[in-house]
Amino acid sequence: MSDPVFCVNHPNVPTSLRCNRCGSPICSRCALRTPVGYRCKSCVKHQQTVFYNALWYDYVIAGAIALGISVIAQVILVVLPFFLLAMFAGPLVGWLIFELARRATGKRRGPFMGVVVAACITLVGLPALFILLIGQDFTGLLVNGIYLALAAGSAFVWLRVDQR
């Protein structure tokens, strides 16, 4: 019988599982299931960073697109504060920002592209939320809140899972 092997991240946890890429012993908490077997978190992280090729100015371009489209969408939403408009416009605006940002940046991807775009969408919507809150227009506040959550969330998710 051989000596027990312990997880590289949890030295008190014995394991018989190893990363199929680097061979490090990993426990069930550290193992990430991939299509080719279990891998440690550092190997998965290293593998994912290979796909990121965005340049610093791609974040500026994506942010500018998000700000521009968000201003237009926010003005339309303030003029026409309908619940259904927010429900459909939110994901649509998020997708539109994703698609335009993707094309404008030459389809380059970055780990924080979704965060930058979601932050820009939220930044544009916060003054409207503040004004509606002060004016005690709770219906408008709800509509704008739903729109912001859907638009920012949609753009973030599209930019995060973009596999094209």
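Right, let's walk through the structure included here. (Residues numbered from 1 in each chain as written. Predicted model: local features only at pLDDT ≥ 70, side-chain atom pairs only at ≥ 80, totals over all residues. Heavy atoms only, no water.)

1. Section: the packing of helix α2 (residues 56-79) against helix α3 (residues 83-104)
Test applied: Geometry is summarised by axes, namely lines fitted to C-alpha atoms with helices restricted to the contacting stretch, and by angles between N-to-C directions that run from 0 to 180 degrees. Going along the chain from the N terminus, every DSSP run of H or I of four or more residues is numbered as a helix, and every run of E of two or more is numbered as a strand. An angle below 35 degrees is read as roughly parallel, one above 145 as roughly antiparallel, one from 65 to 115 as roughly perpendicular, and any other as oblique. Working rule for handedness: look at the near helix, and if it is turned counterclockwise from the far one by less than a right angle, call the crossing left-handed; if clockwise, right-handed. Whether two residues are in contact is decided by their heavy atoms: any pair within 4.5 Å suffices. All amino acids are sorted into three groups, where Ala, Val, Leu, Ile, Met, Phe, Trp, Tyr, Cys and Pro are nonpolar, Asp, Glu, Lys and Arg are charged, and the leftover types, Gly among them, are polar.
Relative to each other, α2 and α3 sit at 155 degrees, their axes nearing to 9 Å. The angle between the axes of α2 and α3 places the two elements in the roughly antiparallel class. Our pair here, α2 against α3, has a crossing hand that is right-handed. Residue-level contacts link I61, A62, I65, A66, I69, S70, A73, I76 and L77 of α2 to L85, A86, V93, L96, I97, L100, A101 and A104 of α3. Grouping the amino acids of the contact of α2 with α3 by side-chain chemistry returns 16 nonpolar, one polar and no charged.

2. Considerations on the pattern of salt bridges
Heads up, the condition is: We count a salt bridge whenever a side-chain nitrogen from Lys or Arg sits within 4 Å of a carboxyl oxygen from Asp or Glu. A 1.4 Å probe rolled over the protein chains alone gives each residue an accessible area, and that area as a share of the maximum for its type sets the label: buried under 20%, exposed over 50%, partly exposed in between.
Counted under the stated rule, the structure contains three salt bridges. The closest approach of N and O atoms between R108 and D58, which form a salt bridge, is 2.6 Å. Here D58 lies in helix α2 and R108 lies in the loop between α3 and α4 (113-134), a separation of 50 residues in the sequence. For D58, a relative accessible area of 0% corresponds to the buried category. Salt-bridge contacts for R102 lead to E99; the nearest nitrogen and oxygen are separated by 2.9 Å. Here E99 and R102 lie together in helix α3, a separation of three residues that amounts to about one turn. Taking the relative accessible area as the measure of exposure, E99 reaches 7% and is therefore buried. Several salt bridges share partner residues, and in doing so they unite E99, R102 and R103 into one network.

3. Quick look at the nonpolar core
What counts here: To define a nonpolar core, start from buried Ala, Val, Leu, Ile, Met, Phe, Trp, Tyr and Cys residues and group those joined through side-chain atoms within 4.5 Å.
With 25 residues, the main nonpolar core has A66, V93, I97, V117, I121 and Y147 as its most contacted residues. Elements supplying a minimum of two residues to this core: α2, α3, α4 and α5 (138-161). Not counting residues within four places of it along the chain, the set of residues in contact with V117 comprises A62, A66, I97, A155 and L159. Judged by nonpolar contacts, the second largest core, of eight residues, contains C27, C30, A31 and C43.

4. Quick look at unusual backbone geometry
With a phi close to 60 degrees, K107 is a non-glycine residue in the positive phi region. Structurally, the position occupied by K107 is in the loop between α3 and α4. Looking at K107, the relative accessible area reads 47%, which means it is partly exposed.

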